[in-house]
Every structure is written in C-alpha cells, then in structure tokens.
Amino acid sequence: MDLFVFFQLFLPGLTTGCVYALVALGFVLTANVTGVINFAQGEYVMIGGMLTAWLFAESVPLWIAIPAATLTCAALAAAQERFTLAPVRHTPHFIRVTITLGVAVILRGIALIAFGKDPLTLPGFSGDGVFTMFNAILPVQSLWVWGATAALLAATFWFLKYTDIGRGVRACSINLQAARLMGINTERLTLFVFAAAGGTGALAGIVITPIVLANWDAGISYGLKGFIGAILGGLRSPSIAVLGGLGIGVLESLSAGYISSGWKDAIVYGALIAYLLVRGGVFYVGRATLVGGSREL
Amino acid sequence: MSALAAHKRTLAFAAAVVAIAIYPLFYPGSYPVGVGIVAGAMAAATVGFVLLLGYAHQLAFGQAGFLMIGGYVNAILCVNYRWDPFAALLAGVVVAMLLALVIARPILKLRGFVLAIASLAMQLIFIVAAIEAVPITGGALGTQGVPKFAIFGVSFANEIAFYYAAWVMAFICVGIGLNIDRSRIGRALKAIAASETAAGSVGIEIVTYKVQMFVISAGMASVAGSLGAHYLRAMDPNVYGFAYSLNLLTAVIIGGLTSVWGGALGATAITGLRELLRSLSLPLWESVIMGMLTVVVLLAFPGGLAGAIGALFDRLTRRGGAAAPVTVEPDPAALPPVTGMPPPGTIMLSVDGATRSFGNLRAVNHVSFNVEAGSIVALIGPNGAGKTTLFNLIGGYQPLDAGTVKFLGQPIESLMPDDIARLGIGRTFQNLQLFDNMTVLENVMCGRFRLNTCGILSISARLPRVAREEAATRRAARAALDFVGLRGAGDMPPTALSFGHQRLVEIARALALEPKLILMDEPASGLNDTETERLAELVLRIAALGITVLLVEHDMRVVMGLADQLVVMHHGEKIAEGAPDAVRQEPEVIAAYLGQDAVEPTAANRSAQEHVA
C-alpha cells in the first residue's frame, strides 16, 4: 500500500473526525442528563461556522466573531432546553425526541434565511498555507482543528472529573433518579450541559470552516456522524465516543479515497447499521430490558 | 358509546370523501389539481407512518426512503420496460414491502432514537445508491420521461381523473389503516407503546406487530412514490430526501398522531400551507414554519387537527346524563369453569434448581418446588427474599443462570414472556402495568390475544370473520370484567379507577387469557383491609374455576386462609415448604420473619408465633 496516499487520506479524515468527536461528546453529555438524544446537536456546528463566516464577511474581526458565534449557539441550545424540553419532561420519550428534530428543522430554516443558500467561507486562522506531515500535504488550519479539539477535550474531561457540576453530570449519567434525590439540581445542570454542548459544537464548526466551507444543510450530516461515534461508546462513555467520532472521520475519508467518494456516506451509515445489528442493538440486551422500570434511553 | 364511535367514523369518512370529491369543481385549473394530487400521494404515505409512529411509538423516520423505492421501481419499469403504470405501481409496492421485510426485523430491535437514526441512515443509503447506480437510475439526473398514469391501458391523462385516482388510493390506505386501528392489531400497537412488559404478559408478539406495521407503511409509502413519479413525469434522487421525510413527519404531527385520519388531514394541511407560502413568495420560510408547527403542536396540542376535530365532535354530540356507575358486586357466574384442565394432582409447574445472580448477589439460589394443578400456592418471604425475581424467571422476564422451569412437562425457561403467555399462563404485576392509552374494556380485550386467530390480511380487508371474532372477544372481556366486579367500568380509561379497581382490571386481563395457571405478584400490596378481603375471595373464586394460582406475597396473614401450599424464601433460598399451618411453626420461618431471637423458647416466642399467625 502506498503510505503517502494513506496519510493523505488518514490525516484529513482525522481533522473532520475531530468535529464528529466533539459532536459525539455533546450527544453523550446531553443524553445522559436528559435521557433524550438531541437531533439539533449537528445544527449548532453548522450555525457556529455560518455565523462566524457571515460576521467575518461583514468585517467583524475573528477574535470577536468566534466568541460571539460560540455564545450565540450556547444560548440557543440553552433556550432549546428551557422552552422545548423542560416543559415536557414527562411526555412519552418519542415525543421529546421528535421535538428536538423539529428544533433542528427550525435552526436549518433560520440559517437558510439568514445566511442564504450559498456556502460561506473563512480564511485560515493563520493563513491559507499548507504543511507536510508524513509526506501528506495538509492545510495549516488542520493544526488549529487538532489543537482546538485537544484543548476542548482536555477541558471537558478536567471539568467532569474535578468540578462539582462535572461530578453532578457524571452522577446523572449513572442514575438520574438517584442524582435528583441526592439534591443535585438537575434542572440547572441540564441547562448548563445543553449550553456547553451547543457552544462546543459551534467551536467545532468554526475551526473546520476554513477547510470545508459552511453550508446551511450540513448539520444533519454532522449530527448523524457524531451520533455514530457516540453510539460506539454506548452513549455512556465520553472517551469512547470521542474515539468513535475520530474513527468515523477516518473511515469516511479512507472509503472516499480507496472506494468511491460518492459512496462514502453510504459506507459510513452502512457501518453504523451493521454495527448496531451485530451488537443486537445497544439498548436491547436480551430480555432484561423487558422488565418494567428499565430506563429507555 | 361504541355505536356513537362507529357513527363518528362513518361521518368522518363521508365528510372527507365529499370534500375531496368537490375540490376540483371549485379549482379545476391544472395547478391546483396538481397540488391536490401531491396532497393525495402524501396522504397515502402518512397512514402507515401514523400506525408506526403514533400508535406503536416506533421512531422510523426514514419513511421517504420507501417513497423513493416505489418511485424508482415504477419509473424504471415504465420507461425502460414499457410496463403498464398501474402494474408498475403494484410491482413497486411488492419491492418496497419485500425490502422492508428484510430490513424490519433487525432494525426494529433497536429502540427509541437509535431506531430513528438507523432508519434515517437507511434512507440516506438509498439516496446515495440512487445517485451512484447511474446505469439503472439515471444517477443525479434521474429517470426522465415517465408516462402519464394509466390503469391497464385506461389512461388518466386528464389531471382531474388522475387526481381522483390518487385520492382513491389514499382512501384505500386510510381504510386499511382504520381497519387495523379498530382491530386487535391496533390494540397490540397501543399496548406496545404503553408497556412492552405488559404487552408480553398477554402474549402479544411485540416484534411481529412492529414488523407488520413497518412493512405495511413501506407499501403505502411506495404507492405515494409511484403517484409522485407519474405526476412529476420523472423520478430523481432529490425529491425524497431528508426534507421530504421531515414534511411527512410534520404532516402526521400536525394532523394528529393518534388517529389514522391525522396523517391525511396533515398531508392536506401541509401541502396547502406550502402552496400558500409559495404564493406569498416566502418559500424559504417553509422549513422554519414547518419546524415551528411541529414543536408547537407537540408541546401544546399532542392530538393535532384530528384530535381537535374529534373532541369538538364529541362535545357537540354528547348527551346529558352521567355514565353508568361501576358495579362492584362481582358475578361469579360470569365466567364458565375452564375446561380441558389437567386432573388435580398433576404437576402444573415445576421449578428445579432455579438460580439467578446480579453481580455478587445471589437473588435466587437453587430454588425448587412444584405447583399442582388446581391448587393455590403462595410464594412468601420477607422483603428482598427474591420472590419477585423468581417470578420474573418463571414468566420469562429474566433469563436463568441455572435450573429449569417446566410447564406441564414442557421446558419454558428459554421462552420469552409472550411465548409463555400463549401457553396459557396469565400474570399480574405488583406495580400496575395497565395500558393507559386504552379503555378498561380494551385492556381486558388485549388479554384475548392468544385466542384470536384473524391475521393481518383478513384484518386489513375487514373480512366478516374479523367482526365476528371482535364481537366474541368483546363479550369474553365483558364477562371477565363482570367476574371481577367491574361491570360498567369498560368504557373508562384505567386511570379514572381507584388503585384497587385498577388491580382488578389487571386480574380480569389475565383471566381473559383463559389461563391454566395465573401468576399474581403481590396482588394485595397497596390495598386496604376491605379490598384485601375481597381480593382473597376473588382468588378463591378463580381457583374454583379450575385455574391454578401461584401468588407472591410478603404478608403472611393474607395467604394463611387462602393457600393450599406455601413456599417460603429467605435471602434467595427456599427455607420451608408445606401446608400453611405446618410451615408457620417452623423455627427458620419465624426467624426469617422476626429475627433469630424469636426462636428462643420463651414467652416472646409464643407471642411471636401468634403474631405470625
């Protein structure tokens, strides 16, 4: 096998994988505190990228545009939780999931109206140059993506391990009911986790935009692929979810290069379905789940 | 009540037919008729989706994938092979249903949003395949030159004729949906949505009904896809993308998830709304408005349009007068004695060496006992003794680590709960597991599942034998309600009844199985003294029918006068077995209930024994 070609596919795959990894992390955290998977998660990635690019085009400097877009997405995600999920905590699970899908549609629509159909672009944060690594030629922006992802992951894991709120999140992911009984303010925690997931997603979208352009309909694809990463970790383990996300990025890039770029999405989705079927369904472990009271995630 | 409901159905159908029939008279232009065709196609696609999503709560979001399959099969057969369009439509239905059948069983094992994502992924794979398989599908450009619709040579070149043809097909789909709705399959879907645990306990084959609905909805979606291809005169991969799946979803939500009509109403409303936005030059707003409608309707009006219209109809037609009061006097003669029972003394249930651990905890450790036909056996022990776990092992709710369970000599330890129920073992739950989305009578009717024989085909066509079987099921369910003393409660929702009465509904549901053996998990828990007494009488009357009873109880006083045989458990082990009077004298039993000190031969012991008695 030609190693040059391999790295030329592998390393850019790792770069998009970073985005999926951050989305997967957001999925795991929100799913654990609310019991609901947030279909709008990928849309925050899209809005983060589009909003920054749009602000930049309106000659707002990057150091203002980036925090502004990140905070906007964090606020949007918090508002989503507060106004569309908190009021219906006790309705059937499928209704809540469907509501998040409705929110995703609204966000897509708003992006289409506000930013238009054409993809937006950003210059690389430190120029549009390239560098070589293992003979593969990569845009310098890749370093920003890797660095930002590493920093965000480190911050998240530090936060989960060493802060009260972080411990609260972990408690919720082990047993939501017990966490509530122990006096953890799950309402506030949920709001916080949604905002954090929205902000992280937005940052991921921002750093990748100089490489892949920002498109109003990209959210669904980010969401689905991030979800695949999350599901590899059983929606429980943030670290496996992150590895899953990176792996999906690499798989996608390798199948585009070695098999066919047209089929790459089908291969990734096919891998997901195959994985789910081999596992017999992550949440359908024999008949134990038939016993009443089991939590349906 | 049921007469009124039947009336409501007929009126709704008539009103819909009239509205659809006269629309072209008011808007005969080719554009508005075209809009009507699009709405009709979408209406057909929504019916199966409502059953799958609204009834069974299965989040299969990728339905547009099957519209695409139907559209392509139809377009390719018509364009490349000169098939008759209607024959091609039927072929599309067959292909879509076969494909759905292959996909359904594995994919429907997934639950909740995992299913949603997997089905979306499936749809996206279809789209990629359609774009990439250029020689077959024409790739991104699509298959062009699809002929106008025709049925075996009779052309529907006139758009108004095609409009009527599309809506006739939509109404056929609605009719099939309504037939399923008011059949046992409709009840099965609602039962699955409410509690898979309880659905299994009455013998409902959960996966089978999910699969059937998935396949039917794929067939109906395929019809819609074919109609769309003939309307657009082309088929390309962009028509049925993610956006169409979302529109379909919005349609059923706005129309009402809990009514077969909801989908058709919603499809019409959505199509009209899109045209309105287009005429106002606001097409970009479509996505935002659809999303808003979805969220707002789900948050505030979960019943959607159909729910609102139904409620209005009920309010206009309701006559004065309160509902008939619930008769609490049970009617022992309501149920006939069960025939075909094995003779008394036969071993009905035999548990041998049953073992089950959770981590390091041996919840049930090598427990063996037999239940003789015609007897009442009580499994007793203090809280945490492992009684309910043992019960779940017998009922198939948890696998055994070791040991066997035999029912009339047949090993059942590897069977699923619904298989076990179909053998004739009924059960009730300690924490009530009623189907809150159905009436009390329908709850009990669900108990008849193992005795019903009409399948999906005869139910879809509403053959005469379906109506006969429904009537018989209804009669038997009423008899079971009379037997437990709930005459008159049939049309209420279970949540309107007191806790004690809800427990009776569960017992009636288990009795509706015509079980040979009934398993009752702490039937007296949560009941007051009077209710407990009545319950004990009911258990005796159930035994008098010839039904064998195995019950779990932690309160010894309840079972003393009731059971023929006691099995006492403590810390997961069987510590005593025998007739109640003998068992309560055993030191180990007293120790288990009152602590080791109570066994010392003192005055305290005697008073303790009296207490236990």
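Not measured: the values here are computed from a predicted model.

Draft legend 1. Representation of the overall build of chain A in the model. A tally of helices and strands in chain A yields eleven helices and two strands. Taken against the 2.2 N^0.38 rule, which gives 19 Å for 297 residues, the C-alpha radius of gyration of chain A at 19 Å falls within 12% of a compact globule. Principal-axis analysis of the C-alpha atoms places the extent of chain A at approximately 55 × 45 × 35 Å. The buried share of chain A, taken over its 297 residues, is 49%. Taking as baseline every contact in chain A between residues at least 6 positions apart, the subset at least 24 positions apart corresponds to 75%.

Draft legend 2. Quick peek at the overall build of chain B. Tallying secondary structure elements over chain B gives 25 helices and 14 strands in all. Considering only C-alpha atoms, chain B reaches an extent of 100 × 60 × 45 Å along its principal axes. Per-residue burial over chain B gives 51% buried out of 613 residues. Across chain B, contacts joining residues at least 24 apart in sequence account for 74% of those joining residues at least 6 apart.

Draft legend 3. Spatial organisation of unusual backbone geometry. Residues and elements named next belong to chain B. Notably, R82 is not glycine yet its phi reads approximately 55°, a positive angle. Mapped onto the elements, R82 comes out in the loop between α3 (64-81) and α4 (85-107). Residue classification places R82 among the exposed residues on the basis of 9 C-beta atoms within 10 Å. Residues other than glycine seldom take positive phi values, yet L408 does so here, at roughly 50°. For L408, the position within the fold is in the loop between β8 (402-407) and β9 (410-411). For L408, a count of 16 C-beta atoms within 10 Å corresponds to the partly exposed category.

Draft legend 4. The pairing of strand β6 (residues 361-372) of chain B, seen in detail. As paired strands, strand β5 (residues 347-358) of chain B and β6 of chain B are joined by eight bridges and run antiparallel to one another. Bridge pairing in β6 of chain B links L349 of chain B to V371 of chain B.

Draft legend 5. Expanded view of the interface of chain A and chain B. On the side of chain B, 50 residues touch chain A, which itself brings 47 residues to the contact. If you list the elements that add at least two residues to the side of chain A that touches chain B, you get α4 (93-115), α9 (219-232) and α11 (264-278) of chain A. Considering each element in turn, the side of chain A that touches chain B owes the most residues, 15 residues, to α4 of chain A. Across the side of chain A that touches chain B, the residue classes tally to 32 nonpolar, eleven polar and four charged.

Draft legend 6. Structural context of the environment of R465 of chain B. By the secondary structure assignment, R465 of chain B is in helix α19 (residues 464-484). As for R465 of chain B and T453 of chain B, which are separated by twelve residues in sequence, their C-alpha atoms are 9.8 Å apart.

Draft legend 7. Representation of the sheet that holds β8 of chain B within the structure. All names here are of chain B. Pairing is antiparallel across the open sheet formed by four strands, whose spatial order is β6-β5-β8-β9. Strand pairing shows two members of the sheet lacking a second neighbour, β6 and β9, which therefore form its edges. When β8 meets β9, the two strands line up antiparallel, connected through two bridges. From the neighbouring strand, F407 faces β9, where its bridge partner is Q410.

Draft legend 8. Summary view of the nonpolar core. Counting residues in hydrophobic clusters, the biggest one holds 289 residues, and the most contacted among them are A44, A118, A121 and A508 of chain B. With 16 residues, helix α5 (residues 112-132) of chain B is the single largest residue contributor to this core. Apart from residues lying up to four places away in sequence, A121 of chain B is in contact with L224, Y269, L272 and I273 of chain A.

Draft legend 9. The confidence of the model for chain B, seen in detail. Residues and elements named next belong to chain B. With 94% of its residues at a pLDDT of at least 70, chain B reaches an overall mean of 86. By mean pLDDT, helix α25 (residues 603-612) is the weakest element of chain B at 50, and helix α17 (residues 440-446) is the strongest at 94. Predicted complex metrics record ipTM = 0.83 and pTM = 0.86.

Draft legend 10. Quick peek at the pairing of strand β11 (residues 517-521) of chain B. All names here are of chain B. Counting buried residues along β11, five of its five residues qualify, which places the element largely inside the surrounding structure. Neither face of β11 is left uncovered, since the one carrying L517, L519 and D521 and the one carrying I518 and M520 both have all their residues buried. Relative to β11, strand β10 (residues 425-428) runs parallel, the two sharing four bridges. Within β11, the position partnered with T428 by the bridge is M520. Bridging between β11 and strand β12 (residues 548-553) involves five bridges; their strand directions are parallel. Residue I518 lies in a different strand from β12, and its bridge partner there is V549. Regarding the hand of the β-α-β motif, the stretch spanning β11, helix α21 (residues 529-544) and β12 is right-handed.

Draft legend 11. Quick peek at the environment of I211 of chain A. By the element assignment, I211 of chain A lies in helix α8 (residues 186-212). Taking C-alpha positions, I211 of chain A is 28 Å from G233 of chain A, a pair spaced 22 residues apart along the chain.

Draft legend 12. Region of the structure containing the packing of helix α12 (residues 260-279) of chain B against helix α14 (residues 304-317) of chain B. Residue and element names in this part refer to chain B. Packing of α12 against α14 leaves a shortest axis separation of 7 Å and a crossing angle of 115°. Handedness of the crossing formed by α12 with α14: right-handed. Along the contact surface, α12 presents W261, G262, L265, G266 and A269, while α14 presents G304, L305 and A306. Looking at the contact of α12 with α14 residue by residue, the class counts come to five nonpolar, three polar and no charged.

So, how was this worked out
Residues numbered from 1 in each chain as written. Chains lettered and ligands numbered in written order. Predicted model: local features only at pLDDT ≥ 70, side-chain atom pairs only at ≥ 80, totals over all residues. Helix = DSSP H or I, 4+ residues; strand = E, 2+ residues; numbered from the N terminus. Rg over C-alpha atoms; globule rule 2.2 N^0.38 Å. Buried ≥ 20, exposed ≤ 12 C-beta atoms within 10 Å, placed from the backbone. Contact = placed C-beta atoms within 7 Å. Pairing = 2+ DSSP bridges. Nonpolar A, V, L, I, M, F, W, Y, C, P; charged D, E, K, R; others polar. Core = buried A, V, L, I, M, F, W, Y, C linked by C-beta atoms within 7 Å. pLDDT = per-residue confidence, 0-100. Right-handed = clockwise from strand over helix to strand, strands pointing away. Axes fitted to C-alpha atoms, helices over the stretch in contact; angles between N-to-C directions. Left-handed = near helix turned anticlockwise from the far one by under 90°.

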